[in-house]
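Reading the structure
Chain by chain, the residues:
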Amino acid sequence: MTTTLRPEGPETPTAAGGRTRRWLILSNGHPVGVLRTTADPQGGRLWGRISELEITEGRGRGRGTFGGLAAEEVLRTWGCTRVDVSVPESAAAARGLALTLGYSERALAMSKLLAATPDLPTGLSVRPFDRPAELRAWFDRSLEDYVGAMVDSGLTEEQARARTAAGRENPVASDPEAPGAVVRRLYGEGGQEPYGLLWLQLRLRDLPDGEPLAWVMKVEVSPAHQGRGHGRTLMLVAERECLAAGVRHLGLNVFSGNEVAVRLYTSLGYRVTERLYGKQL
C-alpha cells in the first residue's frame, strides 16, 4: 500500500499573519486521515505547529507516523526551524507517537474547577506593588528568567527570545497592568520584605461554554523564603481572587522539568489537560 499526502483545500492565512493548510492522508488514493500544518511568525521566523492529526481508518499501520513526518517536511519547506504540538492528556496514543518521532515534552497545561474559598495561613498578608515603576522593573527582570526557563526546556536562546517578544504583542497575556490582571505580593508579620509574588490574569479567554478562564501567569517565591509553603499560599491567593471575581476555572502552564511545582499544583487538585511537545527541524 502507498501512503501519500494531498491538500484538502487552498492554503489560508492565520490571524497572526502566518499560513495554514489542511491535508488528506491517503492510502492508495483512499482518505484514511487528516492533517493540518500551521506556521506563525515569531521574531522574524516562522514557528511550526502540527495543529491537527487524526487517523480515521486503519490505526496501527504507521499512518500516524507518516502524517507526523509529512507535517515536518511541509513545515521545513515553509522555512520553519522548530515544530510544536499540543496533545490532550486523554490522547495516550498521540503522546506515544510524539515521543516515537523524537519530540521532547516541554510543558504541561493544568487546570482546576474552583469551589470553596480557601483560607490563608495566619500571619500572612498580600498587597499590590506600591509603585508602578517598581512593578515594571520586576516584570523586565522576570522576562530574562523566562527566557532561561525556555532554553532549559529545549529551545535555543534565539527561539526563546523570539517567543518572548511575540508574546508581548498580546497585552492580556503579557502585561501585568492589563485589564483583568491581578498582581499581589505576599508578606509576613511586619510586612517589610516580600516573601513572593503572584501574577494572575482573571480572564485569559472564554471557555466553550462562555465561562471565563483565569490563568496563573507567574508564581515566584524569593530564594531566601523558599521551602516554607509560600508557593502554596500564593496559589490559594489566586483561587480567592478568582472566586471573588466570580471566576471558577483556573489554569496554568508549568515546565515539565519543574518537578517541585508540578507536585505542588497536583497536591492542590490541579490536573493535567494538555502536554506540549517540541522538536528542532
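Residues numbered from 1 in each chain as written. Predicted model: local features only at pLDDT ≥ 70, side-chain atom pairs only at ≥ 80, totals over all residues. Heavy atoms only, no water.

1. Examining the packing of aromatic side chains
Under the criterion given, the structure shown has six aromatic pairs. Judged by centre distance (6.4 Å) and plane angle (45°), the ring pair of Trp138 and Phe139 falls under tilted. Each member of the pair, Trp138 together with Phe139, is buried. Aromatic pair Trp138 and Trp199: ring centres 6.3 Å apart, planes at 85°, arrangement edge-to-face. (Phe/Tyr/Trp six-rings, centres within 6.5 Å; stacked < 30°, edge-to-face > 60°. Buried < 20%, exposed > 50% of the residue type's maximum accessible area, 1.4 Å probe, protein only.)

2. What to know about the confidence of the model for the protein
When pLDDT is averaged across the protein, the result is 91; 97% of the residues are at 70 or more. Of all the helices and strands in the protein, helix α5 (residues 171–174) carries the lowest mean pLDDT, 68, while helix α6 (residues 230–244) carries the highest, 97. (pLDDT = per-residue confidence, 0-100. Helix = DSSP H or I, 4+ residues; strand = E, 2+ residues; numbered from the N terminus.)

3. What about helix α7 (residues 259–267)?
Taken residue by residue, α7 has Ala261, Val262, Leu264 and Tyr265 as its buried positions. Down the axis, α7 shows its buried residues gathered within 160° of arc, on one side only. Turned more than 90 degrees off the buried face of α7, the exposed positions are Glu259, Val260 and Arg263. The elements touched by buried residues of α7 are β7 (104–113), β11 (212–221), α6 and β12 (249–255). (Arc of directions from axis to C-beta. Contact = heavy atoms within 4.5 Å.)

4. Here we look at helix α1 (residues 63–77)
In this model, α1 (15 residues) spans 21 Å end to end at C-alpha, consistent with the 21 Å of a helix rising 1.5 Å per residue. Along α1, the residues classified as buried are Arg63, Gly64, Gly67, Gly68, Ala70, Ala71, Glu72, Val74 and Leu75. Positive backbone phi, at 95°, marks Gly79, one or two positions downstream of α1. (Expected span 1.5 Å × (residues − 1).)

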